[in-house]
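Here's the letter readout for the chains.
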Amino acid sequence: MFLTISTTGTPERPATDLGFLLHKHPDNAQAFSTSYGTAHVLYPEASVERCTAALLLEVDTVALVRRGKGKGRGGAPDAALAQYVNDRPYAASSLLAVALSAVFSSAMKGQCNAKPDLPGQPLPLRIEVPALPARGGADLVRKLFEPLGWTVSAEAVALDTEFPAWGDSRYVRLVLESAGELTLAEALRHLYVLLPVLDDTKHYWVASDEVDKLLRAGEGWLPDHPEQTLITSRYLARRWSLTREAMQRLELVRLAEADDSEVEQIDNAVEDVPYTGLPEESAETEGTARAEDTGHADVPEGTGPSEGADALASPDPEGKHVSLAVRRRDAILAALDAAGAARVLDLGCGQGQLVQALLKDPRYTEIAGVDVSMRALTIASRRLKLDRMGERQAARVKLFQGSLAYTDKRLKGYDAAVLSEVIEHLDLPRLPALEYAVFGSARPKTVLVTTPNVEYNVRWETLPAGHSRHGDHRFEWTREEFRTWSHEVARRHGYDVRFTPVGPDDPEVGPPTQMAVFTLTAPKEEKAA
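In this text, all values refer to a predicted model and were calculated from it rather than measured experimentally.

Parameters at a glance
- Residues numbered from 1 in each chain as written.
- Predicted model: local features only at pLDDT ≥ 70, side-chain atom pairs only at ≥ 80, totals over all residues.
- Heavy atoms only, no water.
- Helix = DSSP H or I, 4+ residues; strand = E, 2+ residues; numbered from the N terminus.
- Expected span 1.5 Å × (residues − 1).
- Buried < 20%, exposed > 50% of the residue type's maximum accessible area, 1.4 Å probe, protein only.
- Arc of directions from axis to C-beta.
- Contact = heavy atoms within 4.5 Å.
- Pairing = 2+ DSSP bridges.
- Axes fitted to C-alpha atoms, helices over the stretch in contact; angles between N-to-C directions.
- pLDDT = per-residue confidence, 0-100.
- Parallel < 35°, antiparallel > 145°, perpendicular 65-115°, else oblique.
- Left-handed = near helix turned anticlockwise from the far one by under 90°.
- Nonpolar A, V, L, I, M, F, W, Y, C, P; charged D, E, K, R; others polar.
- Phe/Tyr/Trp six-rings, centres within 6.5 Å; stacked < 30°, edge-to-face > 60°.
- Lys NZ or Arg CZ within 6 Å of the ring centre and 35° of its normal.

Examining helix 17 (residues 479–493)
An ideal rise of 1.5 Å per residue puts 21 Å on 15 residues; helix 17 measures up with 21 Å between its terminal C-alpha atoms. Those residues of helix 17 lying buried are Phe482, Trp485, Ser486, Val489, Ala490 and His493. Down the axis, helix 17 shows its buried residues gathered within 135° of arc, on one side only. Lining the buried residues of helix 17 we find helix 16 (431–442), strand 14 (446–452), strand 15 (495–502) and strand 16 (513–520).

This is the structure in structure tokens:
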């Protein structure tokens, strides 16, 4: 199989700088051993004006069969001859992608010790692949490469030029051109991922480390690619568990980019405070511990721990101060009790306070905590002492990572789902995705949604006018806005909805937290259009 990379240059920036970038001298023909053959690097032309590097991969078909152990087309178990007579030595595939990574590893990383500034400079590039298997045809090739800034020519290869009536094969002659918009490292990473994606197969077993490889090579372009799902699924050989993990990690990257922050900051869904094991009701800062609400309380920024907790607390009938977080959890438990739920989802479980409370009641036979943050799930696991939990108790609870921006089969079949202080942490354009994932796909019989009531903010003297209760809140709704959204969701998905206040119900501005209780009334096929 064969691939060429060409660039043009000027006396000020000669095209032969390509040799520095690839770490391969244009005057030498070099050979490199790979697991399945020999990779040759040579330069058909090398001048100031134009330079072309060629990668020729000679595949050892016997080694491919022996190491393939019957996996994939390299060792097809249905026909002994097909193990030796196939397209693997000629068509660009994962074999060529691995060779690119091995032979041009420094170039892919954007490293050049001789000329450190060179890797960051975009180049006019032309890449040619004479035989590229494309499951999806030329249209898919364009869909994959054009969003990345390439001008794409994908000419279908006839099955047999002597018999045009037989039509085209699944191979294309690919030419990619970029007028100085991409760096060489970006181009190589595109090829490394998309060659096996187009071939839709791999010559080796796809393990969990492939997710890391995909995210490294896809950095800077895969999170926003319109064909992200297809690319991820095919690259990971359609292994659903790996695909889901990769999509969730890509979602963290997307959120981080949208917030102009680091992924680690997005994944830190809880404050960096060790879990003490004390009852939350006795902790001064109990309100700091809820949820995908990224683990932050609805405490005005700038207040100290005690001040913030007092700001959210109000006396119960016995005169004791009870924080809003405790009142919110009590309201949720009462609503779940009234619904007769036995199998409960805590969507955005954070540190696991609600999960912990549910585990204390034997009526709840299955409890699942879901959060986008692995750090939050780790702390929740410590809080629940899962590693020391008895077998029967452990069978009732599970924690797993998930993004509510996507449908998930694991969320189906539950009696109730809780979204406590979650929706206000999503950008408004992403709410429809959450709505469908919960109400349209998972469809539990009961859904509880709590969110801050922005009208109540005026009752907190420490909260500046016009500020949200927490810096991560993308919006805070009035009672009317929340009711309008809830009624629309209920209408679209076949639910009834009622509302209940959480915390002291101020006659002028209402309660600090508002809760909607959705009850399923229509089967999926009968829900309102």
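Some thoughts on the sheet that holds strand 10 (residues 343–347)
Ordered in space as 12-11-10-13-14-16-15, the seven strands form an open sheet in which the pairing is mixed. The open sheet has two edge strands with one neighbour each: strand 12 (397–401) and strand 15. Adjacent strand axes in the sheet meet at a mean angle of 15°, parallel and antiparallel pairs treated alike. Inspection of the sheet shows strand 10 paired to strand 13 (residues 416–420) by three bridges, in the parallel sense. Bridge assignment links Asp346 to a residue of strand 13, and that residue is Val418. Along the sheet, helix 14 (residues 374–384) makes contact with strand 11 (366–371) and strand 12, crossing strand 12 at roughly 165°. Across the sheet, helix 16 lies against strand 10, strand 13, strand 14, strand 15 and strand 16, angled at about 150° from strand 14, the strand it touches most.

Quick look at the confidence of the model for the protein
When pLDDT is averaged along the protein, the result is 83, and 81% of the positions lie at 70 or above. Overall, residues 69–79 carries pLDDT values under 50, and its contacts beyond four positions in sequence, including any with other chains, amount to 19 contacts. Per-residue pLDDT stays below 50 along residues 272–311; that stretch engages in 89 contacts with residues further than four places along the chain or on separate chains.

Section: the side chain of Thr4
Among the secondary structure elements, Thr4 is positioned in strand 1 (residues 2–8). Thr4 has contacts with Thr52, Ala53, Ala54, Arg126, Ile127 and Glu128, leaving out every residue within four places of it along the chain.

Topic: the packing of helix 5 (residues 137–145) against helix 6 (residues 184–199)
At their nearest, the axes of helix 5 and helix 6 sit 11 Å apart, and the two run at 155° to each other. Taken together, the axis directions place helix 5 and helix 6 in an arrangement best described as roughly antiparallel. Crossing of helix 5 against helix 6: the hand is right-handed. Taken together, the residues of helix 6 that come into contact with helix 5 (itself represented by Leu140, Val141, Leu144 and Phe145) are Leu191, Leu194, Val197 and Leu198. In the contact of helix 5 with helix 6, the residues fall into eight nonpolar, no polar and no charged.

Considerations on the pairing of strand 5 (residues 123–133)
Pairing geometry for strand 1 and strand 5, over four bridges, is antiparallel. Pairing of Ser6 across the sheet is with Arg126, part of strand 5. One ladder, built from nine bridges, connects strand 5 with strand 7 (residues 168–182); its direction is antiparallel. Its bridge partner lying in strand 7, Val129 is registered against Leu174.

Quick notes on the packing of aromatic side chains
If you walk through the whole model with that rule in mind, you get 11 aromatic pairs. Each ring, one from Phe482 and one from Trp485, has its centre 6.3 Å from the other, and the planes form 20°; the classification is stacked. Separated by three residues within a single helix, Phe482 and Trp485 lie in helix 17, roughly one turn from each other. The two residues Phe482 and Trp485 agree in class, both being buried. Here Tyr495 and Phe518 contribute two aromatic rings whose centre-to-centre distance is 6.4 Å and whose plane-to-plane angle is 85°, an arrangement assigned as edge-to-face. With Tyr495 in strand 15 and Phe518 in strand 16, the pair connects residues that are 23 residues apart, well separated along the chain. Judged by its relative accessible area of 0%, Phe518 is buried. Over the aromatic face of Tyr414 sits the side chain of Arg343, whose NZ or CZ is 4.5 Å from the ring centroid.

Focus on the environment of Ala114
In this fold, Ala114 is placed in the loop between helix 4 (105–109) and strand 5. Among the residues examined, Ala114 registers a relative accessible area of 58% and is labelled exposed.

Some thoughts on the side chain of Thr513
Summarising the element assignment, Thr513 is placed in strand 16. Among residues more than four places away in sequence, those in contact with Thr513 are Leu324, Arg328, Glu421, Thr450, Thr451, Asn453, Arg469, Pro501 and Val502.

Thoughts on the packing of helix 6 against helix 7 (residues 209–217)
Interaxial distance between helix 6 and helix 7 falls to 9 Å at its minimum, and their mutual angle equals 140°. Crossing hand, helix 6 versus helix 7: left-handed. Residues Arg189, Tyr192 and Val193 of helix 6 pack against Lys213, Leu214, Arg216 and Ala217 of helix 7.

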